[in-house]
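Structure at a glance
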Amino acid sequence: MPRPPDRGEGADLRLPLLGVAAWAGVLAARGAGPWWPVVGAACLLLLVHGVAPRPGTRRLLTALLLVVAVSAVVGGLRHDRVTSGPVAERAAEGAVATVTGRVVDDPRVLTGPGGEPRRLVRLRAERLTSRGRTHRVRVPLLVVGDERWARAPLGSTVDATGRLVAADGPDVAGLLVASGPPRVRAGPDPWWRAAGALRASIRDAVAHRPDDQRALVPALVDGDDSRVDDRLEEEFRTTGLTHLLAVSGTNLTLVVGFLLVLARWVGVRGRWLTLVGAVGVLGFVLLARTEPSVLRAAVMGSIALVALGTHGRQRALRGLGGAVVVLLWVEPTLAAAPGFALSVLATAGILVLGPGLRDALARWLPRWAAEAVVVPLAAQLACTPLVAGLSGEVSLVAVVANLLAAPAVAPATVLGLGGGVVGLVWDLPARGLGTLAGWSVGWIAAVAGHGAALPTASVSWGSGPLALSLLSIVVLLLAWLAPAVLRRRSTGMACCLVMVVVVLVRPPTPGWPPAGWVVVACDVGQGDLLAVRTGPGHALVVDAGPEPAAARRCLDDLDVEQVPLLVLTHFHADHVDGLAGVLAGRHVDRVETTRVLDPPAGVRATTEELDDGPEPLVAPYGATRQVGAATVQVLWPRAGAVEAGSGDGDSANDASVVLLVEVAGVRLLLTGDLEPPGQAALARLVPGLEVDVLKVPHHGSRHQDLAWLSSLGAEQALVSVGADNDYGHPAPDLLTGLEDAGAQVWRTDRDGDVAVVVRDGRLAVDARAD
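Below, the structure is looked at part by part.

**Let's talk about the pattern of salt bridges**
Two side chains with opposite charge may pair up if their charged atoms get near one another. Here the structure, examined in full by the defined rule, presents 22 salt bridges. Between Asp-556 and Arg-586 there is a salt bridge; the shortest N-O distance is 2.7 Å. With a gap of 30 residues between them, Asp-556 in helix α18 (residues 548-557) and Arg-586 in the loop between α20 (579-583) and β15 (587-588) connect regions that are remote in the sequence. Accessibility assignment for this pair places Asp-556 and Arg-586 in one class, buried. One network of salt bridges, with partners in common, ties together Arg-553, Asp-557, Asp-753 and Arg-768.

**Some remarks on the sheet that holds strand β18 (residues 624-627)**
Strands sit in the order β18-β19-β20-β21-β22-β23-β24 across an open sheet of seven strands; the sheet is mixed. Lying at the two open borders of the sheet, with one neighbouring strand each, are β18 and β24 (744-747). On average, each strand axis in the sheet is tilted by 20 degrees relative to the strand beside it, whichever way the strands run. Relative to strand β23 (residues 716-719), strand β22 (residues 693-695) is paired through three bridges, and the arrangement is parallel. If you follow Lys-695 over to β23, its bridge partner there is Leu-718. Here helix α24 (residues 732-740) sits on the sheet and contacts β22, β23 and β24; the angle it forms with β24, its principal contact strand, is near 145 degrees.

**A look at the nonpolar core**
The nonpolar side chains of soluble globular proteins are, as a tendency, buried together. Counting residues in each nonpolar core, the largest one holds 30 residues, and the members touching the most others are Val-520, Leu-529, Leu-558, Leu-566 and Val-582. When contributions to this core are tallied by element, the ones reaching two or more residues are β10 (517-521), β12 (538-542), α18, β14 (566-568), α20 and β25 (753-759). When residues in this core are grouped by element, the largest group, four residues, is from α18. Leu-565, Val-666, Trp-746 and Leu-763 belong to the second-largest nonpolar core, a separate cluster that totals 28 residues.

**Digging into the environment of Gly-94**
Topologically, Gly-94 is positioned in the loop between α4 (86-93) and β1 (96-103). In this structure the C-alpha to C-alpha distance between Gly-94 and Ala-166, which are 72 residues apart in sequence, comes to 7.6 Å. Every residue in contact with Gly-94, bar those within four places of it in the chain, is listed here: Arg-163 and Leu-164.

**Concerning a nonpolar patch on the surface**
A contiguous nonpolar surface patch, about 510 Å² in accessible area, is contributed by Leu-424, Val-425, Trp-426 and Leu-428. With respect to the secondary-structure elements, Val-425 resides in the loop between α14 (398-423) and α15 (427-452).

**Details of α14**
Think of an α-helix as turning once every 3.6 residues; residues three or four places apart then point the same way. Over its 26 residues, α14 runs 35 Å from end to end, which matches the ideal 38 Å to within 8%, given 1.5 Å per residue. The sharpest bend along α14 measures roughly 40 degrees and falls at Ala-406, with the proline Pro-407 sitting one to four residues further on.

**Topic: the packing of helix α6 (residues 211-222) against α15**
Between α6 and α15, the shortest axis-to-axis distance is 9 Å and the interhelical angle comes to 100 degrees. Looking at the two axes, α6 sits roughly perpendicular to α15. Note on element contacts: α15 touches α6 through Ala-437, Gly-438, Trp-439, Val-441, Gly-442, Ile-444 and Ala-445, opposite Gln-213, Leu-216, Val-217 and Leu-220. For the contact of α6 with α15, the class distribution of residues is eight nonpolar, three polar and no charged.

**Comments concerning the state of the cysteines**
Tallied over the full model, the rule gives one disulfide. The disulfide that involves Cys-522 links it to Cys-554, with 2.0 Å between the sulfurs. Classification of the bridge connecting Cys-522 and Cys-554 rests on its S-S torsion, roughly -70 degrees, and on that basis the disulfide is left-handed. Of this pair, Cys-522 sits in the loop between β10 and β11 (530-535) while Cys-554 is found in helix α18, placing the two residues 32 residues apart along the sequence.

**Considerations on the packing of helix α13 (residues 367-391) against helix α16 (residues 465-486)**
The contact between α13 and α16 brings their axes to 9 Å, and the two run at 170 degrees. With respect to each other, α13 and α16 are oriented roughly antiparallel. Of the residues in α16, those in contact with Leu-377, Leu-381, Thr-384, Pro-385, Ala-388 and Gly-389 of α13 are Leu-468, Leu-471, Ser-472, Val-475, Leu-478, Ala-479 and Leu-486. Grouping the constituent residues of the contact of α13 with α16 by class yields ten nonpolar, three polar and no charged.

**Regarding the side chain of Gln-380**
The residue Gln-380 is located in helix α13 in this model. In this view, Gln-380 contacts Ser-395, Ala-398 and Val-399; residues no more than four positions away in its chain are not counted.

About the thresholds
- Residues numbered from 1 in each chain as written.
- Predicted model: local features only at pLDDT ≥ 70, side-chain atom pairs only at ≥ 80, totals over all residues.
- Heavy atoms only, no water.
- Salt bridge = Lys/Arg side-chain N within 4 Å of Asp/Glu carboxyl O.
- Helix = DSSP H or I, 4+ residues; strand = E, 2+ residues; numbered from the N terminus.
- Buried < 20%, exposed > 50% of the residue type's maximum accessible area, 1.4 Å probe, protein only.
- Pairing = 2+ DSSP bridges.
- Axes fitted to C-alpha atoms, helices over the stretch in contact; angles between N-to-C directions.
- Contact = heavy atoms within 4.5 Å.
- Core = buried A, V, L, I, M, F, W, Y, C linked by side-chain atoms within 4.5 Å.
- Patch = residues over 30% accessible without salt bridge, like charges linked within 9 Å, V, L, I, M, F, W, Y side chains within 5 Å.
- Areas by Shrake-Rupley, 256 points an atom, 1.4 Å probe, with all protein chains shown as cover.
- Expected span 1.5 Å × (residues − 1).
- Bend = angle between axes of the 7 residues up to and from the residue.
- Parallel < 35°, antiparallel > 145°, perpendicular 65-115°, else oblique.
- Nonpolar A, V, L, I, M, F, W, Y, C, P; charged D, E, K, R; others polar.
- Disulfide = S-S within 2.5 Å.

Scope: geometric values only; no functional claims are made or implied.
Spelled out as structure tokens, the structure:
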């Protein structure tokens, strides 16, 4: 990132305004087509020439409107080419096709519907053959294939045959579900092979290091985040360090800056030094892949280098505006990319807010210390509303975490790259450099882990228009008041003390958790997570939901610090993928699961997440135990040997662990995703079962044994379900049947977190929606 420019440098906002105009034009074209923005710009242009009094103002407004019009045309034509061409048309029809294209990104691992591993590959489609016709095309296309697609070399030209389906977003023409392996027509060019060999060498240089270090060094050097697990990603997100896991301008600044230092050391000067820098930028792009995010990172990093050069800082803001225009004209899809927006906002924040903040702090801090604090502070202020809109959270430790991590970023990046380069010819010294890089990222991982474990590392924030507008106003007020507040040592230190107290002491949530709560169905989206209170700060947790952030939020808000028993009813992603959030900042004594290890991908993910924790055990069928204040009995599945199941996830639901829990005189039946055959078998095993609270099976799916569910006599029925899900959950007929049986039905998609409480000796429910 660039340092804040000197105060005396004028802020010429003409090019930044052109960048905003280009952005507006592309976004307008995506929503309304290319021609309506052009017509609007033309009308405004006529109006400007009629009313603008000053020639300078008239020229600027004319330029802005022309940029809007050109950007709308460029973005609109690109959008139409992708969404209306032959590939998109065949995808809308679900046609079988053969596509010839170039592989433009490394294959990524996906989990199929049944839990089987799949590969996602991005192609630049060049030819489409379908229904007896061949078309020349040039559009982005996603391919989903089996494990054989993991061997699709980057930069190679391949043929792929399969069924085209419509893509979710407007930035790719379609999705090809491949029916076989890729057929390589032409191998990658030499520079792609060289980049692939260097990436592999970087991984090899740290292969002997612990898991976190082995994952972080490639992510930091070249954006290879394939080994970063959910726990680590969640910790980095909570502490505002996520940018280190992706290719950013900082990466390029460090790599190319190091090359320039070496070049000067060996005597390179003048234009040759510029050539070294250009070659470094090109090499970085090839190493990190030529996708839009890397292109954005290369440009932002180049701006940072300009800002660091002699008489260059005053040009950085103008360069930023010009770069936005050029990038959006070259790759209009960046207009809707969160990474692009965050990168631009962070750079702009440092350049615009940095000088005032730096000068204020420099009154009582050394200048170098003031600049070190200001860079993450200004970037965080500028990005906070967008980050909140994307994640629903505001990090309170991001500035400090970035400040602490910053000294290790440069050595980790340079040493990791050096290990990869040396490893191409000699393994032993490469491993030595990899060890040093590993130590550096180990410090960064420690900062993220300890920061994320703080009581108020982040706070939940709404992502609706009203909440984001309020947050934007708060950020603007902070940016306006901060220089005056930080100018004095007393007020500056007081602000730091307040932030420390806020982060270390969790503020109470008004009215939550409600007094006398027994069980809470957490609002974790389309998934399950239930907490049963077993004592002060203790809870039995059943399932982990699909997202670590949602799991952590709910348990933190309930003040759960100790989990004497965690039960994962089965291994589908919507029940286990949030496991990192359950583990974060809590001690888990025991973990139990079903004996059916299906789907395999969920089993692997769970085992890896628990690698440093308690070993998962099979829930003991029929056993009745005391867990704190709760009595817990396992009703299902029946005893038997551990088995793999179907392998495609189909056998997982009916193997869900079913628990009968009694706590504070309330009987709970927690059913996982048990299907009708399992429900019928359970009805035969436990005839006459009656409970007070029912966790409705499988998110309220229409596949239920309604007669059995109605016979349970539940007073309260909890449906854990995600808003606007694609499965039709919960089924209206099921809800009506439960209500007819006398149950009061609560849904997490509408009611938020749902707490069943005992109040004055009777059951009641408190719900908390965002």
